[in-house]
Amino acid sequence: MEQGPYSEKVMDHFKNPRNVGEISDASGVGNVGNAICGDVMRMYLKIENDIIVDAKFKTYGCGAAIATSSMVTEMVKGKSIEEALKISNRAVTEALGGLPPIKMHCSVLAEEALRSALKDYYQKQGRPVPFKDKEHGGHEH
Ligand code: FES
């Protein structure tokens, strides 16, 4: 089989994505989409005392989007919501051993899904959202 531009970790998370599914009593749900490629991602977080105890996702998207959402759900489990907010798409990509530059925007989708789910959590609790939506206007597809 051809090796291709993807790291082994990306291929592993693409073929065996972790945490696929939904959480019926999620504390926060995030929905994001990329208007250009049409890929969409939904992320579910279960949060207890501001600690993320479970995370699941559904992605209708490319392999890089699946791999990054798989990795980000692994990374946030056990983290506080403040720590989770610091996870950037770059950190997720690095944990996967890198992505081809043309696929970096797919990792942005994973970061946005996480932030969207956290925002939903704050709003459901009636707490002020302590961050702004990130401007990703400059990224290329
Ligand atoms: Fe759309 Fe990857 S091509 S998220």
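The structure this text deals with has already been given above.
J.: So, the overall build of the protein chain: which residues are in play, and what are the values?
T.: Counting secondary structure elements, the protein chain contains 5 helices and 3 strands. Ordered by position from N to C terminus, the α and β elements of the protein chain give α-β-β-β-α-α-α-α. Rg of the C-alpha trace for the protein chain: 14 Å, near the compact-globule value of 14 Å for 141 residues, within the 12% margin. Looking at the 141 residues of the protein chain, the share that counts as buried comes to 47%. Within the protein chain, counting contacts between residues at least 6 apart in sequence, those at least 24 apart form 60% of the total.

J.: Lay out the environment of Lys-124 in plain terms, naming residues and giving numbers.
T.: Following the sequence through the fold, Lys-124 ends up in helix 5 (residues 104-124). At 2.7 Å, the side chain of Lys-124 forms a polar contact with the side chain of Asp-120.

J.: So what's going on with the pairing of strand 3 (residues 51-60)? Residues and values would help.
T.: As paired elements, strand 2 (residues 40-48) and strand 3 share 9 bridges and run antiparallel to each other. Bridged to Tyr-44 within strand 3 is Lys-56.

J.: Which residues make up helix 5, and what are the values?
T.: With 21 residues, helix 5 should reach 30 Å at 1.5 Å per residue; the first-to-last C-alpha distance of 31 Å fits that figure. Taken from the residues just after helix 5, Gly-126 is the one with a positive phi, measuring 70 degrees.

J.: Requested: an account of the pairing of strand 1 (residues 28-33), with residues and values cited.
T.: Where burial is concerned, the two faces of strand 1 differ: the one with Gly-28, Gly-30 and Val-32 is buried and the one with Val-29, Asn-31 and Gly-33 is not. Here strand 1 runs beside strand 2; their pairing, made up of 6 bridges, is antiparallel. The partner of Gly-30 across the bridge, within strand 2, is Met-43. The turn linking strand 1 back onto strand 2 is made up of 6 residues, and Gly-38 within it adopts a positive phi angle of 85 degrees.

J.: Describe the packing of helix 2 (residues 63-76) against helix 5, with residues and values.
T.: Between helix 2 and helix 5, the least distance of the axes is 8 Å, while the angle of their chain directions is 40 degrees. Classified by the angle their axes make, helix 2 and helix 5 are oblique. For the element pair helix 2 and helix 5, the recorded crossing hand is right-handed. Mapping the contact onto sequence places Ala-64, Ala-65, Thr-68, Ser-69, Val-72 and Val-76 in helix 2 and Cys-106, Ser-107, Ala-110 and Leu-114 in helix 5.

J.: An account of the pattern of salt bridges is requested, with residue identities and associated values reported.
T.: Under the definition given, this model contains 6 salt bridges. Between Asp-25 and Lys-46 there is a salt bridge; the shortest N-O distance is 3.1 Å. Remark: Lys-46 occurs in strand 2 and Asp-25 occurs in the loop between helix 1 (8-15) and strand 1; sequence separation between them is 21 residues. One salt bridge connects Lys-77 with Glu-74, and the closest N-O pair in it is separated by 3.9 Å.

So, how was this worked out
- Residues numbered from 1 in each chain as written.
- Predicted model: local features only at pLDDT ≥ 70, side-chain atom pairs only at ≥ 80, totals over all residues.
- Heavy atoms only, no water.
- Helix = DSSP H or I, 4+ residues; strand = E, 2+ residues; numbered from the N terminus.
- Rg over C-alpha atoms; globule rule 2.2 N^0.38 Å.
- Buried < 20%, exposed > 50% of the residue type's maximum accessible area, 1.4 Å probe, protein only.
- Contact = heavy atoms within 4.5 Å.
- Polar contact = N/O pair within 3.5 Å; in protein donor to acceptor, adjacent residues only side chain to side chain.
- Pairing = 2+ DSSP bridges.
- Expected span 1.5 Å × (residues − 1).
- Axes fitted to C-alpha atoms, helices over the stretch in contact; angles between N-to-C directions.
- Parallel < 35°, antiparallel > 145°, perpendicular 65-115°, else oblique.
- Left-handed = near helix turned anticlockwise from the far one by under 90°.
- Salt bridge = Lys/Arg side-chain N within 4 Å of Asp/Glu carboxyl O.

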